[in-house]
Amino acid sequence: MIVEIGHYALVLALALALVQSVVPIWGAVKGDERAMALAGPISVGQFVFVAVAFSALTYAHVVSDFSVVNVFENSHSTKPMIYKISGVWGNHEGSMLLWVAILALFGALVAFFGRNLPQTLRANVLGVQAWVAVAFYLFVLLTSNPFARFGQPPMEGRDLNPLLQDVGLAIHPPLLYLGYVGFSIAFSFAAAALIEGRIDAAWARWVRPWTLTAWVFLTLGIAMGSYWAYYELGWGGWWFWDPVENASLMPWLAGTALLHSAIVMEKRDGLKIWTILLAILAFSLSLLGTFLVRSGVLTSVHAFATDPARGVFILGILVLFVGGSLTLFAARAATLTKGGLFAPVSREGALVFNNLFLTAGTATVFVGTLYPLMLEATTGGKISVGAPFFDMTFGPLMVPLLIALPMGPFLAWKRGDILAVVQRLAAVMVLSVVAVLVTWMLKGHDILPALGVGLATWLMLGSLAEILWRIKLFTEPSVSLRRAVGLPRSAWGTFLGHFGVGVMLLGIVAEGAWKIEHVLVMKPGDHIRVERFDVAFERAVPNSGPNWDEVIARFEVTDGTSNPPIVMEPSKRTYRTRSMPTTETAIETYGLFSQLYLAIGEAQGEGVAMRIYWKPLVLLIWIGTLIMSIGGVVSLTDRRLRVGAPTPHRVAAAALPAAAE
Amino acid sequence: MTRKQKRLTLIGFAGLVLAAAVGLVLFALNDRITFFTSPTDLAVGKVKPGTRLRLGGLVEAGSIERAEGTTVRFRVTDGANTVPVTYTGILPDLFREGQGTVAEGMVGTDGVFKADTVLAKHDEKYMPKEVADALKASGHWGEDAAKATLKK
């Protein structure tokens, strides 16, 4: 019964979305206040109904109601509770339900926080948001119904893919979806602005917090997925340039560009048309990601089922929204007024530089991801585009961007002085060169990693220098504390975001250049020396959990000091229902950021194949992304950017002193 | 600078970045991609020795042999033809005889495919698409294999 209520609630949500997609926009055209005002309550109602539907499916999973096809295929009565819950979105139908639930949540939030938006803009935004919602409700209800029942209910379920029975994977999809779907708000704002044919700095101020929120979640979601791949797959890699990873990287890159171009629009009333285009692109790439991952055109852990009907449906949605919005853009972009002028060397110029390289980077990832698909569709030729392609294309494009990054925030708006910037950053430059030389001498005369460390130093110290100059630590230390407190939160956000990039780069360089890998067969009693560690295989121990059996390999690791040995226990698990093995790695962190990583392969006679890694500074990769996300959150708490979108007058007054800096 | 000059500088620079990106992509597409082949493609000599390839097919039943250390030999088949493969390293969890696999590496002059990466499926219900296509192409796409890829 509860499941049927859930199904019915989803249909009602669709009905509400249909009303919401027409009435408010019609009201905005006719100037009918009541019709426009309807958008708010309807979007809240939509969210309530979707929440009911989502809760109903969660209930079915929690109580293991195997008469529901979705539960039967993805759950098992002995599965731990946390994975019964995460199993709700660990499958195609449930994850699409989560998608629409988050879409409805964002719609309701815009309705709630956007009460002081201009009435027509709010009506149009919520109307466009409802178009997206209608498309996806139809997709779920027509092709991916999670509430379908069996006539003859089976006794036991088929269990969730064991790779997905993991805490990392329990939170990765919701985070990622909050990011993907969050860009729908920027998209709706862009479409609404085009429909109205009017756009100003206030628009950017309203859009930026939503974009920033989406960006923070997307950053965390990608980082979480990457860390999961690192410890769960047992290959020790953290990024494989797999098409499904690229599918999330593309909207992230476009979203990062959007965040930066929206600053120009907000502060200088410039780059309007470009910003609108980026808003459309960011969400289009999110839709493309959904298509790639959900349609089954790609083979991966994310492709739960290949059903051509679903692929065609999502492709239809993709074509409709991307094509529609770009047509709208082409028709209306010319009506938007041009913004302020700026010299090539200026803050605006630096942000344009950022946008150029980020979008060029996005384009290379796009080509690398879609070229194999297009080639196969047109000529039938099958190729694989992997890390070597992206190292060759995406890598070089990021280098100028990262070199320029610390200089951007130093440049003044309108016309900057590059010499003054170089002067202020002279000490940082010297320190970065020193970092290159020291790394080169200490780490085996390898020039590329040394340059990488230098660039990471440049990024970290450069962004630190900027914030220290702003609080006048070098010129007037007596006022520093007061200035530090008075500095807008977004300045701290910028600092953290940029600093995080440097930290992440340092992790990437160190892991890439100095990791140590051993693959060998070990028997009980065998030792191996890895870096400064002595890794000793003691014995294999059988063990069992709620829905799996495992063989644990017990290792004792000493680190060359008198510290007592540490026990590490990687294991090979077999999940009973699917009789599918998984590798459970054992990871030990040393010196805060470096990790020793043990993964078991198959048993060979008395021995077992082992993969042992030493991963120097590897944690910095994810700590860097975490710092970037924290930067985003700090920025969000800035008065000017508060999600509540303060009234334009107050904002304009508050923005002036900051803009003058 | 006048408005026009500023705009031209911007467009010129954008064009430069775009040209650089296009150049890199074209170069990399020439040089840094891997072609996918089936055992039949190899057998009929469609491929020069020494090119990097992805080889897809089923792991032939009874063909897995362990050698020294972590080296393993097996044969990949698409039903019509078979290619011997050697690999040193750890096989993925779902690598099994009779199941689909994708091996990446090169064919040596002795006709043995030397793999440096071996991939299997993420899920026991699933078969890599390339493998399914290779089987279809060789006419060995049976009911069982079809069941293995399609849900239910």
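Residues numbered from 1 in each chain as written. Chains lettered and ligands numbered in written order. Predicted model: local features only at pLDDT ≥ 70, side-chain atom pairs only at ≥ 80, totals over all residues. Heavy atoms only, no water.

Student: Is there a simple way to explain the overall build of chain B in this structure?
Tutor: If you tally the helices and strands in chain B, you get four helices and seven strands. Beginning at the N terminus, the succession of helices and strands in chain B can be written as α-β-α-β-β-β-β-β-β-α-α. Taken across its 152 residues, chain B has 42% of its residues classed as buried. Restricting to contacts in chain B with at least 6 residues of sequence separation, those with at least 24 account for 52%. Taken as a whole, chain B presents about 7,900 Å² of accessible surface, with 57% of it coming from carbon and sulfur. (Helix = DSSP H or I, 4+ residues; strand = E, 2+ residues; numbered from the N terminus. Buried < 20%, exposed > 50% of the residue type's maximum accessible area, 1.4 Å probe, protein only. Contact = heavy atoms within 4.5 Å. Areas by Shrake-Rupley, 256 points an atom, 1.4 Å probe, with all protein chains shown as cover.)

Student: Honestly, the overall build of chain A in this entry has me stumped. Any pointers?
Tutor: The secondary structure content of chain A amounts to 21 helices and eleven strands. The C-alpha radius of gyration of chain A comes to 26 Å, within 12% of the 26 Å expected for a compact globule of 661 residues. Over its C-alpha atoms, taken along the principal directions, chain A stretches across nearly 80 × 75 × 55 Å. Buried positions account for 60% of the 661 residues belonging to chain A. Accessible surface, chain A as shown: approximately 25,000 Å² in total, 68% of it carbon and sulfur. Averaging the locations of the 45 positively and 41 negatively charged side chains of chain A gives two centres separated by 12 Å. (Rg over C-alpha atoms; globule rule 2.2 N^0.38 Å. Lys, Arg positive; Asp, Glu negative; His and termini not counted. Charge placed at Lys NZ, Arg CZ, Asp CG, Glu CD.)

Student: Please explain the sheet that holds strand β9 (residues 586-590) of chain A as it appears in this structure.
Tutor: Strand pairing in a sheet takes place through backbone hydrogen bonds and is either antiparallel or parallel in direction. Residues and elements named next belong to chain A. Spatial strand order, β2-β11-β10-β9: four strands in an open sheet with antiparallel pairing. Each edge of the open sheet carries a strand with a single partner, namely β2 (516-522) and β9. Taking the axes of each pair of neighbouring strands and ignoring which way they run, one obtains an average angle of 15° across the sheet. In this structure, β2 lies alongside strand β11 (residues 607-615), joined through seven bridges in antiparallel fashion. In the sheet register, H518 faces β11, and the bridge partner there is I612. Lying over the sheet, helix α9 (residues 201-232) contacts β9, β10 (594-604) and β11, oriented at roughly 50° with respect to β10. (Pairing = 2+ DSSP bridges. Axes fitted to C-alpha atoms, helices over the stretch in contact; angles between N-to-C directions.)

Student: In this structure, what is going on with the nonpolar core? I would like to understand it.
Tutor: Across soluble globular proteins, nonpolar side chains show a tendency to be buried alongside one another. Residues and elements named next belong to chain A. Among the nonpolar cores identified, the biggest contains 192 residues, and W99, F136, Y137, F189, W203 and I276 are the most heavily contacted of them. Looking at which element gives the most residues to this core, the answer is α9, with 17 residues. The contact partners of F136, leaving out residues within four places of it in the chain, are M96, W99, V100, L287, T290 and I317. (Core = buried A, V, L, I, M, F, W, Y, C linked by side-chain atoms within 4.5 Å.)

Student: Would you take a moment to explain the packing of aromatic side chains for this structure?
Tutor: Any aromatic ring pair is given by two values, namely how distant the centres are and how the planes are angled relative to each other. Residues and elements named next belong to chain A. For the structure shown, the criterion picks out 30 aromatic pairs over all chains. Ring plane angle 75° and centroid distance 5.3 Å describe the contact between Y597 and Y613, whose orientation is recorded as edge-to-face. In this pair, Y597 sits in strand β10 while Y613 sits in strand β11, placing the two residues 16 residues apart along the sequence. Considered together, Y597 and Y613 belong to a single accessibility category, that of buried residues. These aromatic residues form a ring-pair network of at least three members: Y227, Y230, Y231, Y597, Y613 and W622. We note R115 situated over the ring of F112; from NZ or CZ to the ring centre the distance is 4.4 Å. Taking the ring centre of W548 as reference, the NZ or CZ of R573 above it sits at 3.6 Å. (Phe/Tyr/Trp six-rings, centres within 6.5 Å; stacked < 30°, edge-to-face > 60°. Lys NZ or Arg CZ within 6 Å of the ring centre and 35° of its normal.)

Student: Looking at this structure, how should I read the pairing of β11 of chain A?
Tutor: Regular strands show a simple pattern: their side chains alternate between the two faces of the sheet. Residues and elements named next belong to chain A. For β11, the tally of buried residues reaches nine of nine residues, placing the bulk of the element in the interior. Going residue by residue along β11, you find G607, A609, R611, Y613 and K615 tucked away on one face and V608, M610, I612 and W614 tucked away on the opposite face as well. By the bridge criterion, eight bridges tie β10 to β11 in an arrangement that is antiparallel. Bridging across to β11, Q595 finds its partner in K615. Taking the residues between adjacent antiparallel strands as the criterion, β10 and β11 are bridged by two residues, where G605 takes a positive phi near 65°.

Student: Would you explain the environment of T378 of chain A in this entry?
Tutor: Residues and elements named next belong to chain A. As for its position among the elements, T378 is in helix α13 (residues 347-379). Judged by relative accessible area, T378 falls into the exposed class, the value being 66%. Residues T378 and R34, spaced 344 residues apart in sequence, show a C-alpha to C-alpha distance of 52 Å. Of note is the side chain of T378, whose polar atom sits 2.8 Å from the backbone oxygen of M374. Of the polar contacts made by the side chain of T378, one reaches the backbone oxygen of L375; its length is 3.3 Å. (Polar contact = N/O pair within 3.5 Å; in protein donor to acceptor, adjacent residues only side chain to side chain.)

Student: Even after reading the chapter, I still don't get the environment of A17 of chain A, so can you show me in this structure?
Tutor: Residue and element names in this part refer to chain A. Here A17 is to be found in helix α1 (residues 2-30). Counting along the chain gives 112 residues from A17 to Q129, while the straight-line C-alpha distance between them is 8.8 Å. With near-sequence residues (within four places) excluded, A17 lies in contact with Q46, A130, A133, V134 and Y137.

Student: Would you mind going over the pairing of strand β1 (residues 33-37) of chain B with me for this structure?
Tutor: The buried fraction of β1 of chain B amounts to four of the five residues, a majority that puts the element mostly inside the structure. Here strand β1 (residues 383-385) of chain A runs beside β1 of chain B; their pairing, made up of three bridges, is antiparallel. From the neighbouring strand, S384 of chain A faces β1 of chain B, where its bridge partner is T34 of chain B.

Student: What exactly am I supposed to notice about the packing of helix α6 (residues 92-113) of chain A against helix α8 (residues 167-196) of chain A here?
Tutor: Any two packed helices are characterised by how steeply their axes cross, that is the angle between the axes, and by the distance between the axes. Residue and element names in this part refer to chain A. Where α6 meets α8, the axes come as close as 9 Å, and the angle between the chain directions of the two elements is 50°. By the angle class used here, α6 and α8 are oblique. The handedness of the crossing between α6 and α8 comes out as right-handed. Packed against α6, whose contacting residues are S95, L98, W99, I102, L103, L105, F106 and V110, the element α8 presents P173, P174, Y177, L178, Y180, V181, G182, S184 and I185 at the interface. For the contact of α6 with α8, the residue count by class is 14 nonpolar, three polar and no charged. (Parallel < 35°, antiparallel > 145°, perpendicular 65-115°, else oblique. Left-handed = near helix turned anticlockwise from the far one by under 90°. Nonpolar A, V, L, I, M, F, W, Y, C, P; charged D, E, K, R; others polar.)

Student: Looking at this model, I keep getting lost on the pattern of salt bridges. Mind explaining?
Tutor: Opposite charge on two side chains permits them to pair, given that their charged atoms come into close proximity. Taken as a whole, this structure holds 23 salt bridges over all chains when the rule is applied. Put simply, R268 of chain A and E348 of chain A hold a salt bridge, and the shortest N to O gap is 2.8 Å. Within this pair, whereas R268 of chain A is found in helix α10 (residues 243-268), its partner E348 of chain A is found in helix α13, the two being separated by 80 residues in sequence. Residue classification places E348 of chain A among the buried positions, given a relative accessible area of 1%. Between R52 of chain B and E104 of chain B there is a salt bridge, and its shortest N-O distance comes to 2.8 Å. On the criterion of sequence distance, the pair formed by R52 of chain B in strand β2 (residues 52-59) and E104 of chain B in strand β6 (residues 100-107) is long-range, its members being 52 residues apart. For R52 of chain B, a relative accessible area of 32% gives the class partly exposed. (Salt bridge = Lys/Arg side-chain N within 4 Å of Asp/Glu carboxyl O.)

Student: Any chance you could explain α9 of chain A here in plain terms?
Tutor: It helps to recall that an α-helix has 3.6 residues per turn; residues three or four apart then point in one direction. All names here are of chain A. For α9, which comprises 32 residues, the first-to-last C-alpha distance of 46 Å matches the rise-based estimate of 46 Å (1.5 Å per residue) to within 8%. At V207, α9 shows its largest bend, some 30°, and a proline, P209, comes one to four positions later. With 29 of its 32 residues buried, α9 lies for the most part within the structure. Immediately beyond the C-terminal end of α9, within one or two residues, lies G234, with a positive phi of roughly 75°. (Expected span 1.5 Å × (residues − 1). Bend = angle between axes of the 7 residues up to and from the residue.)

Student: I keep staring at the side chain of S325 of chain A and nothing clicks. Help me out?
Tutor: Residues and elements named next belong to chain A. Mapped onto the elements of the fold, S325 is located in helix α12 (residues 308-332). Among the residues examined, S325 registers a relative accessible area of 6% and is labelled buried. Reaching out from S325, the side chain makes a polar contact with the backbone oxygen of V322 at a distance of 3.1 Å. Excluding its chain neighbours within four sequence positions, the residues that come into contact with S325 are F187, L194, I280 and L320.

Student: What should I look at first to understand the confidence of the model for chain B in this one?
Tutor: Regions with low pLDDT carry predicted coordinates that are not meant to be interpreted in detail. All names here are of chain B. Summary statistics for chain B give a mean pLDDT of 78 and a share of 78% for residues scoring 70 or more. Of all secondary-structure elements in chain B, the lowest mean pLDDT belongs to helix α4 (residues 143-149), at 42, while strand β5 (residues 82-88) reaches the highest, 91. Contacts of residues 143-152 to residues separated by more than four positions or lying in other chains number 15 contacts, the stretch itself having pLDDT below 50. In the predicted complex, the global pTM is 0.90; the interface-specific ipTM is 0.79. (pLDDT = per-residue confidence, 0-100.)

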